[in-house]
Amino acid sequence: MADNPQLITDRLDALTRRFNAVKRVWLEEDDEPTSEPSAEEPVEEQDDGPEALEVEDAGDDDPSAWEDEEDNPGAEEEEEEPEDDFDGTKEEVSVCLRELCSLAREAYAPDNSPGSTLIKRMADLEDSMVKFAFTTEVGEALFDYIPAYCGNVGEDKSVGIGIDMGAFEELLKLTIGRSTIKTDMTDEVIGDRGRPYDPASVPSTHSSPLARFRPNNPPIQDGCPERERVLREARTEISSFPVGPSSRLASSASVIAVVHNDAKGRNASLTAALTTRPLSDERAACTIQTGLEGAASEVLVDEYEHRIAVADRSRIKTFKWVDAPDTTAGSNMSLLPLNTLDTSEVSGPIGSMANGSIILRPGKKTVAVWNMDKIATHGPNGTKIVGKKLNLEELEDIDETAAVEPSSGSKPNRMIRLEADIARARIKTWANAPLALSRTSFICGFQDEFRCMQVDMETGKIGGRYIGHGAAITSIGSYADDPHSFLTTARDGVVRLYDVRQPTPSFAAYTTDETVLGAALASCDGQPLLFVGGTKTELVTCWDVRSRKPLYELSTGNNQVTGLAWNSSAQCLYAATSCPHVDAQGNPIETRKLRNVQNAGARKWPKKAFHNEKFFGAPYDASGHRLYRYAFKPSAAASIIPT
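Residues numbered from 1 in each chain as written. Predicted model: local features only at pLDDT ≥ 70, side-chain atom pairs only at ≥ 80, totals over all residues. Heavy atoms only, no water.

A. Geometry of the overall build of the protein. Helix and strand counts for the protein stand at 8 helices and 32 strands. Burial statistics for the protein: of 643 residues in total, 54% are counted as buried. Total accessible area computed for the protein in this model is approximately 28,300 Å², and 47% of it derives from carbon and sulfur atoms. (Helix = DSSP H or I, 4+ residues; strand = E, 2+ residues; numbered from the N terminus. Buried < 20%, exposed > 50% of the residue type's maximum accessible area, 1.4 Å probe, protein only. Areas by Shrake-Rupley, 256 points an atom, 1.4 Å probe, with all protein chains shown as cover.)

B. Highlighting the side chain of Glu-237. You can see Glu-237 is positioned in strand 3 (residues 236–242). Using a relative accessible area of 14% as the deciding quantity, one classes Glu-237 as buried. Looking at Glu-237, its side chain comes within polar contact range of the side chain of Lys-633, at 2.8 Å. With near-sequence residues (within four places) excluded, Glu-237 lies in contact with Arg-629, Tyr-630, Ala-631, Lys-633, Ser-635, Ala-636, Ala-637 and Ile-640. (Polar contact = N/O pair within 3.5 Å; in protein donor to acceptor, adjacent residues only side chain to side chain. Contact = heavy atoms within 4.5 Å.)

C. Up close: the pattern of salt bridges. A full pass over the atoms with the stated rule returns 35 salt bridges. We note a salt bridge from Lys-608 to Glu-590, for which the minimum N-O separation is 3.6 Å. Within this pair, whereas Lys-608 is found in the loop between strand 31 (604–606) and strand 32 (626–632), its partner Glu-590 is found in the loop between strand 29 (572–578) and strand 30 (591–593), the two being separated by 18 residues in sequence. Residue Lys-608 is classed as partly exposed on the basis of its relative accessible area, which comes to 47%. (Salt bridge = Lys/Arg side-chain N within 4 Å of Asp/Glu carboxyl O.)

D. Inspection of the pairing of strand 26 (residues 539–544) at higher detail. Among the 6 residues of strand 26, 6 are classified as buried, and the element is accordingly described as predominantly covered. Burial of the side chains of strand 26 extends over both faces: Leu-539, Thr-541 and Trp-543 are buried on one face and Val-540, Cys-542 and Asp-544 on the other. Summarising the sheet, strand 25 (residues 527–533) and strand 26 pair through 5 bridges and their orientation is antiparallel. The residue bridging Leu-530 from the neighbouring strand is Trp-543, located in strand 26. Hairpin connection between strand 25 and strand 26: a loop of 5 residues separates the two successive antiparallel strands, and Glu-538 in this loop has a positive phi of roughly 55°. In this structure, strand 26 lies alongside strand 27 (residues 549–555), joined through 6 bridges in antiparallel fashion. (Pairing = 2+ DSSP bridges.)

E. Region of interest: the packing of helix 1 (residues 5–27) against helix 4 (residues 117–134). Between helix 1 and helix 4, whose axes approach to 11 Å, the crossing angle comes to 15°. Taken as axis vectors, helix 1 and helix 4 run roughly parallel relative to one another. Considering only the axes of helix 1 and helix 4, their crossing is left-handed. For the pair helix 1 and helix 4, contact is made by Ile-8, Thr-9, Leu-12, Asp-13, Leu-15, Thr-16, Phe-19, Lys-23, Trp-26 and Leu-27 and by Leu-118, Arg-121, Met-122, Leu-125, Ser-128, Met-129 and Phe-132, respectively. Broken down by class, the residue content of the contact of helix 1 with helix 4 amounts to 11 nonpolar, 3 polar and 3 charged. (Axes fitted to C-alpha atoms, helices over the stretch in contact; angles between N-to-C directions. Parallel < 35°, antiparallel > 145°, perpendicular 65-115°, else oblique. Left-handed = near helix turned anticlockwise from the far one by under 90°. Nonpolar A, V, L, I, M, F, W, Y, C, P; charged D, E, K, R; others polar.)

F. Spotlight on the sheet that holds strand 13 (residues 358–362). Across the sheet, 4 strands lie side by side as 12-13-14-15; this open sheet has antiparallel pairing. The open sheet is flanked by strand 12 (351–353) and strand 15 (414–417), the only strands paired with a single partner. Strand-to-strand twist across the sheet, computed as the mean angle between neighbouring axes with direction ignored, equals 30°. Of the strand pairs in this sheet, strand 14 (residues 366–371) and strand 15 are connected by 4 bridges, and their pairing is antiparallel. By the bridge assignment for strand 15, Val-367 is matched with Ile-416.

G. Layout of the packing of aromatic side chains. Enumeration according to the criterion identifies 15 aromatic pairs in this entry. Their ring planes at 75° and their centres at 5.7 Å tell us that Phe-19 and Phe-132 sit as a pair that is edge-to-face. One end of the pair, Phe-19, is in helix 1; the other, Phe-132, is in helix 4, and 113 residues separate them in sequence. Both residues of the pair, Phe-19 and Phe-132, count as buried. (Phe/Tyr/Trp six-rings, centres within 6.5 Å; stacked < 30°, edge-to-face > 60°.)

H. The sheet that holds strand 20 (residues 473–479), seen in detail. Taken together, 5 strands build an open sheet; the order of strands is 1-23-22-21-20 and the sheet is mixed. Every other strand in the sheet has two partners, leaving strand 1 (153–155) and strand 20 as the edge strands with one partner each. If you compare each strand with its neighbour and ignore which way they point, the axes differ by 20° on average. Of the pairings in the sheet, the one linking strand 1 to strand 23 (residues 507–510) comprises 3 bridges and is parallel in character. If you follow Glu-155 over to strand 23, its bridge partner there is Tyr-510.

I. Representation of the nonpolar core. Counting 36 residues, the largest nonpolar core has Val-93, Met-122, Met-129 and Ile-146 as its most contacted members. Ranked by residues supplied to this core, first place goes to helix 4 with 10 residues. With residues near it in sequence (within four places) discarded, Val-93 still touches Val-22, Met-129, Phe-132, Ala-133, Leu-142 and Phe-143. Counting 31 residues, the second largest nonpolar core, distinct from the first, contains Val-230, Leu-529, Leu-554 and Tyr-620. (Core = buried A, V, L, I, M, F, W, Y, C linked by side-chain atoms within 4.5 Å.)

J. Broad picture of the confidence of the model for the protein. Looking at the protein as a whole, the pLDDT averages 87, with 87% of positions reaching at least 70. Counted against residues more than four places away or in other chains, residues 30–83, with its pLDDT under 50, gives 62 contacts. (pLDDT = per-residue confidence, 0-100.)

K. Inspection of the environment of His-260 at higher detail. Position of His-260 among the secondary structure elements: in strand 5 (residues 255–260). Between the C-alpha atoms of His-260 and Val-243, which are 17 residues apart in sequence, the distance is 6.6 Å. Those residues in contact with His-260 that lie beyond four places of it in its chain are Val-243, Gly-244, Pro-245, Ser-247, Asn-267, Ala-268, Ser-269, Leu-270 and Thr-271. Within polar-contact distance, the side chain of His-260 engages the backbone nitrogen of Gly-244 at 2.9 Å.

L. Structural view of helix 4. Its 18 residues place the ends of helix 4 26 Å apart at the C-alpha level, agreeing with the 26 Å of an ideal helix rising 1.5 Å per residue. Summarising burial for helix 4: 15 of the 18 residues are buried, a large majority. (Expected span 1.5 Å × (residues − 1).)

M. Seen up close, helix 1. Between its first and last C-alpha atoms helix 1 spans 33 Å; for 23 residues at 1.5 Å apiece the expected length is 33 Å, and the two agree. Residues Ile-8, Leu-12, Asp-13, Leu-15, Thr-16, Phe-19, Asn-20, Val-22, Lys-23, Arg-24, Trp-26 and Leu-27 constitute the buried set of helix 1.

N. Looking closely at the state of the cysteines. Taken as a whole, this structure holds 0 disulfides when the rule is applied. Free cysteine: Cys-150, not disulfide-bonded; nearest cysteine sulfur from Cys-101 at 6.2 Å. Overall, Cys-150 belongs to the buried group, its relative accessible area being 0%. (Disulfide = S-S within 2.5 Å.)

O. Expanded view of unusual backbone geometry. Positive phi values are uncommon outside glycine, yet Asp-448 reaches one of about 55°. Summarising the element assignment, Asp-448 is placed in the loop between strand 17 (441–446) and strand 18 (452–456). For Asn-596, which is not glycine, the phi torsion reads 55° and is therefore positive. Tracing the chain through its elements places Asn-596 in the loop between strand 30 and strand 31.

So this is what it looks like as structure tokens:
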């Protein structure tokens with residue numbers, strides 16, 4: 001906590017000058033350094049991606065001029081060893097970023113909350129640093145991935161350098177002439193993945209064989225509450241349901257919903273399932289066509305109104321779920337078309353507030369707002385046109401217009417103008433802010449940006465800034481069980497857990513450089529466990545937040561995790577997954593026979609799977625895109641796994 005605000009300000013001024021000097025040397029700026037210690041002005045945002053980002057005062061672009069700097073007598077030696085300059089600049093930028101986060105933690109005080117002017121200066125400086133780290137102004141960017149610098153990082157070294165097992169076997173063939181993994185290269189390249197599953201590591205007879213436990217896990221105390229023990233010992237029954245590729249999910253207390261497209265990225269479908277039943281139960285789930293014409297990438301579940309919203313770029317369509325009695329045939333739930341919203345002026349994520357009575361969607365500079373109590377519906381049968389009727393013949397890239405519902409939708413009731421710092425970039429992902437903050441606030445991440453902000457959606461104003469992201473944020477989650485915490489996932493393989501009262505993460509989990517699309521927090525009597533979904537690593541990792549160590553991995557059948565959700569009331573973890581080992585028609589590609597498995601028969605294993613068939617206690621491969629349910633129970637039947 002800051003005891004001397006002026007000292008913090010002076011150190012921030014010094015850090016700003018230090019970074020400006022690093023940038024000047026790298027970019028060979030012609031301008032003399034300013035004597036005025038101040039944070040940099042924000043970089044003007046471009047519209048065509050991170051490769052087009054420009055750094056202020058970029059300097060001379062002519063490489064032939066680099067060696068002519070008068071105050072650099074060692075230019076010839078530096079020209080002979082350009083890698084030293086490159087690596088030295090990378091290290092200096094990393095040091096500056098680490099010091100900035102350390103300074104932000106020290107600055108924490110009631111007067112220097114995430115919404116203070118001082119934290120704004122730090123956030124602006126971080127934005128300049130990260131953009132400089134990725135700029136290609138003078139050729140190659142300094143970083144592909146910036147090493148985690150946010151502090152409080154738990155690192156997992158178990159996967160080696162992060163190549164798949166098939167690539168490792170090919171590497172061995174090239175180097176030693178055979179594909180065995182019994183070599184000194186194993187630990188360095190593939191880490192623990194070269195070691196078979198150890199049955200002795202299983203803590204309970206109720207632990208799933210599709211959970212692999214870490215060696216030397218701390219013992220579970222005798223007085224551990226049963227709910228926490230069940231999670232720590234992975235006492236889970238696993239069921240699954242087929243979905244489309246690149247699916248996204250959302251959940252509430254009673255329903256899990258997944259939106260997924262066909263192999264061409266069109267004809268979006270919505271699958272909804274009751275959280276009280278396993279996904280293998282045919283009556284648990286219901287799937288319908290959404291009627292959207294474009295690729296659907298957004299889904300939202302509202303428990304208050306029993307409403308599910310899905311969206312493509314131009315429309316939001318909502319559906320009401322209705323529980324059916326057990327005596328009826330078919331599923332225990334049905335989905336009825338309810339509303340269509342015209343979002344032609346906005347295309348960001350969808351959100352809700354005021355107990356679901358308001359739906360929002362952000363655009364470039366504004367947020368569209370619909371008061372759901374005042375807009376038209378599709379009528380009692382779900383067939384009434386809302387808004388103008390679309391001319392389906394004019395729609396582009398549509399194979400089957402019969403699958404498109406022709407309502408143009410209801411226009412927004414009002415538009416909220418966003419503050420300039422938000423409007424310069426598009427909101428890419430968001431979540432309702434934790435309950436300790438305003439009920440009208442959202443935590444936001446941005447398109448091709450690295451910033452994280454709290455924004456009040458009644459006023460469009462920024463309420464706070466959160467520091468520590470070295471890559472674009474891919475998802476944000478907050479939890480009713482914890483009124484102060486939210487999670488972010490990002491493209492650098494780091495999942496960050498924030499307390500809204502502090503500007504930097506209270507914990508960050510990192511395994512390898514990969515895009516993480518889903519994470520979920522499960523609170524057990526105040527002892528949180530963090531579930532992290534991997535895309536490259538093709539599994540779910542359970543972390544102990546208290547010890548900052550991973551406890552175990554859960555199999556996804558070699559599928560990439562595209563979303564995670566924890567259902568507290570049902571004690572279930574849900575994972576939407578996409579299979580990279582099938583073609584567009586869903587047929588397995590590049591497979592081999594199972595090795596060293598009893599009764600393998602004609603079963604196959606993907607050659608490019610990140611793990612081999614001996615990594616878990618059962619050789620399970622999904623061979624398709626799936627939605628998983630991990631139901632945690634004290635007396636879980638360990639044998640219940642997907643076929």
